[in-house]
Amino acid sequence: MAADREQSRDIVTALTRAGAAPRRLLELNDGRALAHWHNERGEARYERPRHHALSIYTRGGEKTSRQVNGRAVSQGFPGAVCLFPAGSQSQWRIEGPFEFLHFYFTDQDLHRCIETTWDREPGSLALEERYQIQDEVIAKAGQLLDLTDWATADQPQAMDHLAHWLIVQLAGRYGTRSLPEPIVTGRFSKARQRALAERIEASLGQPLDLATMAGWTNLSPYHFARLFRASFGLAPYQYVQEQRLLRARRKLSESADKITVIALECGFGDASQFSRAFRKRFGVPPSRIRS
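As the structure is a computational prediction, the values presented were derived from the model and not from experiment.

K.L.:
What exactly am I supposed to notice about the sheet that holds strand 10 (residues 130-133) here?
P.N.:
Strand pairing within a sheet occurs via backbone hydrogen bonds; the two strands may be parallel or antiparallel. One open sheet accounts for 6 strands, arranged 1-2-9-4-7-10; its pairing is antiparallel. Both edges of this open sheet fall to strand 1 (21-27) and strand 10, since each of them pairs with a single strand only. Taking each pair of neighbouring strands and ignoring which way they run, the sheet shows an average axis angle of 15°. In this structure, strand 4 (residues 52-60) lies alongside strand 9 (residues 98-105), joined through 8 bridges in antiparallel fashion.

The structure is reproduced here in structure tokens:
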């Protein structure tokens, strides 16, 4: 894990040297990460990063250009999308303020996605470079990330869910080979739904990411998430959050354990995170249930 995190610093280091300031950073599973950046002015050079990076401009960008031999070859705009495959090289000039999001992921993420989502050989596809292009689907995902509070209790799981979806989109849209949009129809059987509900209930005190739950059914995270929503009416991370809050409410009314202890037992990172989620869901703080 430490090595994965170190790999996600190649572009981060280049941006920092160019004067960019991170507004938010969220570490995900297996070395994936999200970052929200702000920059005013400077030059950045990306020299063969060991990881892949997706960039989505959220504000400004019209005065940011990609440079080749000292000449601007493309200009940015709000919603612009860039894809930096591992090993790519590019140079940038920033002459005005703008904000952008970065999603960092590895070759292992890409290969696992290709193998489990399309049942193809992992090495059969590589990502192609894309710079300051228009992609409304990816841009809307960037808007969602920009408006989301990354510090809320369910966000690590929600972001993990979105990360898997983004990798599927990038592999299908910008790979060296054409891949069809994965088609997922139907839903889990009633027996499988009961088994999943019981497994989730038994695991609420543990980290539950999308890949872990998908592994219970031998499905790709993409297929699992689609079938889960069709079966339960909620995304997996939403369902898990709801079950954790319901369990916490029961414990608050039935036991004398401290609120912090209950929060940790129900899978929340800390008491303040739990309190915010509880108030948002039930309209009162946990202490009100206890009293």
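K.L.:
Explain helix 8 (residues 221-232) to me, please; I cannot follow it from the model alone.
P.N.:
Three or four residues apart is the spacing at which side chains of an α-helix point the same way, because the helix has 3.6 residues per turn. With 12 residues, helix 8 should reach 16 Å at 1.5 Å per residue; the first-to-last C-alpha distance of 16 Å fits that figure. In the core, the buried residues of helix 8 are packed alongside helix 3 (107-118), helix 5 (155-173), helix 6 (190-202), helix 7 (210-217) and helix 9 (236-254). Phi turns positive, to about 80°, at Gly233, one or two residues after helix 8.

K.L.:
What is the right way to read the nonpolar core from this model?
P.N.:
Side chains that are nonpolar tend, in soluble globular proteins, to be buried together. By size, the foremost hydrophobic cluster in this structure holds 31 residues, and its most contacted members are Leu34, Leu54 and Phe103. Of all elements in the fold, only strand 4, strand 7 (81-84), strand 9, helix 3, helix 4 (136-147) and helix 5 reach the threshold of two or more residues within this core. Per-element tally for this core: the top contributor is helix 5, with 8 residues. Dropping the residues within four chain positions of it, Leu34 is found in contact with Arg24, Leu25, Leu26, Leu28, His102, Phe103, Leu145, Trp150 and Met159. By size, the runner-up hydrophobic cluster in this structure holds 22 residues, among which are Leu15, Ala18, Ala44 and Phe84.

K.L.:
So what exactly am I meant to see when it comes to the side chain of Gln132 here?
P.N.:
Tracing the backbone through its elements, the reader meets Gln132 in strand 10. Classification of Gln132 by relative accessible area gives buried; the value is 7%. A distance of 3.2 Å separates the side chain of Gln132 from the side chain of Tyr57, its partner in a polar contact. Setting aside chain neighbours within four positions, we find Gln132 in contact with Tyr57, Thr64, Ser65, Arg66, Ser74, Gln75, Gly76, Phe77, Ala80, Val81, Cys82 and Trp92.

K.L.:
Explain helix 3 to me, please; I cannot follow it from the model alone.
P.N.:
For helix 3, which comprises 12 residues, the first-to-last C-alpha distance of 16 Å matches the rise-based estimate of 16 Å (1.5 Å per residue) to within 8%. For helix 3, every residue scored as buried is listed here: Asp109, Leu110, Cys113, Ile114, Thr117 and Trp118. Looking down the long axis of helix 3, one finds its buried residues gathered within 130° of arc, a one-sided arrangement. On its buried side, helix 3 packs onto strand 4, strand 9, helix 5 and helix 8. Positive backbone phi, at 55°, marks Asp119, one or two positions downstream of helix 3.

Thresholds applied
- Residues numbered from 1 in each chain as written.
- Predicted model: local features only at pLDDT ≥ 70, side-chain atom pairs only at ≥ 80, totals over all residues.
- Heavy atoms only, no water.
- Pairing = 2+ DSSP bridges.
- Helix = DSSP H or I, 4+ residues; strand = E, 2+ residues; numbered from the N terminus.
- Axes fitted to C-alpha atoms, helices over the stretch in contact; angles between N-to-C directions.
- Expected span 1.5 Å × (residues − 1).
- Contact = heavy atoms within 4.5 Å.
- Core = buried A, V, L, I, M, F, W, Y, C linked by side-chain atoms within 4.5 Å.
- Buried < 20%, exposed > 50% of the residue type's maximum accessible area, 1.4 Å probe, protein only.
- Polar contact = N/O pair within 3.5 Å; in protein donor to acceptor, adjacent residues only side chain to side chain.
- Arc of directions from axis to C-beta.

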